[in-house]
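In case you want the letters, here they are:
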Amino acid sequence: MAAACAPRLLLPPASSTSTIPRRLLRRQVISARAGAGAASVAARGLDADDFRHPLDKQNTLLLKAIPGLNDVGKALLGPVSEQVMVLQNIGSSVLVSENQLSDLYQILTEAAKLLNTDAPDLYIRQNPVPNAYTLAISGKKPFIVVHTSLVELLTKKELQAVLAHELGHLKCDHGVWLTFANILTMGAYSVPGFGMVAGFLEEQLYRWLRAAELTCDRAALLVVQDPKVVISVLMKLAGGCPSLADQLNVDAFLEQARSYEKAASNPVGWYIRNAQTRELSHPLPVMRAREIDEWSRSREYKTVQHKVIQLNQQQDAS
């Protein structure tokens, strides 16, 4: 794994006033006053709705409209999640801390600070399938699980993007529904009494989860500050391995994403794309790459990025 340095989000240092002409100095004073309003906004902290994807907002409202879904989820997930936590994670993984895999602990806490959220527990689990996921139960401390094969595949900065993505789920309070969807992908149909409910809610939950993933890709970008890092993660998950990692080309993958979008733009392509994605828990990697590339160029991203930078500067100064 390449040892890329964690990002430092600092504003440019102020120049010495002794060499600045009077008229330029006056402009700087005016700019500083104008920026005071932005600083007060940043002082309130980063809010989830600052970067939440519109489809996430829309599908969250649709889930909330399902009578009793939240209560059913809490009732069914309590004992199931307890089993998952004990048998699949705490009992067979390594808990990251200041004294255990301290580099991972550092990039997790740094990402949490930038997103203005609490850092959950992080477990590293031996698994040949590259993956990371978050489980959050009401009343219990949430945790992130990262598979060892994913650590081997990514650079340090890319791994921080993954952790920031997972933190995005917690920042946006995806909570019970996220755990609901994750357990669906981990074999919920084998749980007594859960299969019928899972089958009924699967399509709605997956539609919401695909939208939530787009939100969390934005969280990753806000932390690493480089869309190519986020897109590189998606590319490696689509078709990467350690022996090929240094040969992969982000620009070529983006061109592939544009080709897919063009091919799916006609009625037949649109139908096929929807049929392909309907039962997926995540959007296709090329679609996610295209989404994050477009958002990185938007005015909305620049505004939120500036807010994150100012918030980080204020925290460092305090």
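What you see is a predicted model, and the numbers here were worked out from it, not measured in a lab. Along every chain, residues carry numbers that run from 1 in the direction the sequence is written. At least 70 in pLDDT is required for a residue's local features to be given in this predicted model, at least 80 for side-chain atom pairs to be given and counted, and no such filter applies to totals for whole chains, interfaces and linings, which use all residues. Note that water and hydrogens are dropped before the side-chain values are worked out from all heavy atoms of the structure.

A. Examining the overall build of the protein more closely. Helix numbers and strand numbers start at the N terminus; a helix is a DSSP run of H or I with at least 4 residues, a strand a run of E with at least 2. The helix and strand tally for the protein stands at 13 helices and 4 strands. Three exposure classes are used, based on accessible area relative to the maximum for each residue type with a 1.4 Å probe and protein chains only: buried under 20%, partly exposed in between, and exposed over 50%. Across the 318 residues of the protein, 45% fall into the buried class. Contacts are assigned to residue pairs with any non-hydrogen atoms lying within 4.5 Å of each other. For the protein, restricting intrachain contacts to residue pairs at least 6 apart in sequence, the fraction spanning at least 24 positions comes to 72%.

B. Main features of the environment of Q225. In this structure, Q225 sits in the loop between helix 8 (195-224) and helix 9 (227-239). Classification of Q225 by relative accessible area gives buried; the value is 19%. Sequence separation between Q225 and I309 is 84 residues; the distance between their C-alpha atoms is 10.0 Å. Only 2.6 Å separates the side chain of Q225 from the side chain of Q305, close enough to count as a polar contact. Pairs of N or O atoms are called polar contacts if they sit within 3.5 Å, as long as, within protein, a hydrogen donor faces a hydrogen acceptor (for residues adjacent in sequence, only side-chain-to-side-chain pairs).

C. The arrangement of the packing of aromatic side chains in detail. Two rings from Phe, Tyr or Trp (for Trp, the six-membered ring) form a pair when their centres are within 6.5 Å of each other. A pair whose planes differ by under 30 degrees is stacked, one over 60 is edge-to-face, and the rest are tilted. In total, this model carries 2 aromatic pairs according to the counting rule given. Ring geometry for Y123 versus F143: centroids 5.6 Å apart, planes at 85°, classification edge-to-face. With a gap of 20 residues between them, Y123 in strand 2 (residues 121-125) and F143 in strand 4 (residues 143-147) connect regions that are remote in the sequence. Given a relative accessible area of 7%, Y123 falls into the buried group. A relative accessible area of 3% places F143 in the buried class.

D. Layout of helix 9. Given the number of residues in a helix, its expected span is that number minus one, multiplied by 1.5 Å. Given a rise of 1.5 Å per residue, 13 residues ought to cover 18 Å, and the 18 Å separating the end C-alpha atoms of helix 9 matches this to within 8%. A distance of 3.0 Å separates the backbone nitrogen of K228 from a side-chain oxygen at the start of helix 9, and that oxygen is part of D226.

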